[in-house]
Amino acid sequence: MSSGRFTILLLMFILCGAAVPALAVPPPATATCKITCTVAEIVEWSELSFPEIDLGVLTARNKQATSDAALTLYTNGDVTIIADNSNSAELSFGPYTLLTEYKLKFDGSGIEQTGGKPTEWCSFNTFLKEGANIVHIPTDGAVEIILSVKASIEKICPENSGQYNAIQTLTVCWKS
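This structure is a prediction, so every number in the text was calculated from the model and none was measured.

Right, let's get into the sheet that holds strand E9 (residues 142–152). In space, the five strands of this open sheet follow the order E1-E2-E9-E6-E7, with antiparallel pairing throughout. A strand with exactly one partner marks an edge of an open sheet, and here the two such strands are strand E1 (43–45) and strand E7 (122–123).

This is the structure we're talking about:
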């Protein structure tokens, strides 16, 4: 056999031999996996309670006092705030009470920032009876809630002097 034919046969053998194992390898197998993750709805206060509000001293000249306290609310959804309308939310001292009113303000309007519309002054027993709506904005998960309280007295006399106390509780519920 001539060396040219031998070279051609050798080349064919090498090429065919190399091609056979390549054809014997099966194609890759694939599998897919669907993955999900749910972020829980959250609504929580930054602290357990608002800072204490001290209205100071009411006098014959100063028969009304107002003050406020702020607390941050974290939420990732629309919520409603309701208030305690029981007698514990009314400033009282023994059998005596003060005209007690509340209102809320927010650092956001619910349009560009999480928040809502401020409320008007309202007596303790009707404050937020219908609730105050907070609209969540997806890029803003916090809103500062400003609770304001106003105390008034018509007439100061020895028997109604003393330290009056109240506790207001705000509860946040998911908007239905």
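Side chains of a nonpolar character, in soluble globular proteins, are inclined to be buried together. The biggest cluster of nonpolar side chains holds 22 residues, and the ones touching the most others in it are Ile81, Leu104, Phe106, Phe127, Leu128, Ile145 and Leu170. Per-element tally for this core: the top contributor is E9, with four residues. The contact partners of Ile81, leaving out residues within four places of it in the chain, are Leu104, Phe106, Leu128, Gly131, Ala132, Ile134, Ile145, Leu170, Thr171 and Val172.

This paragraph deals with the sheet that holds strand E8 (residues 132–134). Strand order in the open sheet made by the three strands is E8-E3-E10, with antiparallel pairing throughout. In this open sheet, the two strands that pair with only one neighbour each are E8 and strand E10 (170–174). For this sheet, the mean angle separating the axes of adjacent strands, direction not counted, is 30 degrees. Pairing geometry for strand E3 (residues 79–83) and E8, over three bridges, is antiparallel. Within the sheet, the bridge partner assigned to Ile81 lies in E8 and is Ala132.

Let us now look at the pairing of E9. Buried residues dominate E9, accounting for nine of its 11 residues. Looking at chain direction, strand E2 (residues 64–75) and E9 are connected through 11 bridges and run antiparallel. Bridging from a neighbouring strand, Ala70 pairs with Ile146 of E9. Judged from the eight bridges that link them, strand E6 (residues 99–106) and E9 form a sheet pairing that is antiparallel. For Lys103, the partnering residue across the bridge sits in E9 and is Ser148.

Analysis parameters
Residues numbered from 1 in each chain as written. Predicted model: local features only at pLDDT ≥ 70, side-chain atom pairs only at ≥ 80, totals over all residues. Heavy atoms only, no water. Pairing = 2+ DSSP bridges. Helix = DSSP H or I, 4+ residues; strand = E, 2+ residues; numbered from the N terminus. Core = buried A, V, L, I, M, F, W, Y, C linked by side-chain atoms within 4.5 Å. Buried < 20%, exposed > 50% of the residue type's maximum accessible area, 1.4 Å probe, protein only. Contact = heavy atoms within 4.5 Å. Axes fitted to C-alpha atoms, helices over the stretch in contact; angles between N-to-C directions.

Taken by themselves, the reported measurements are silent on function.
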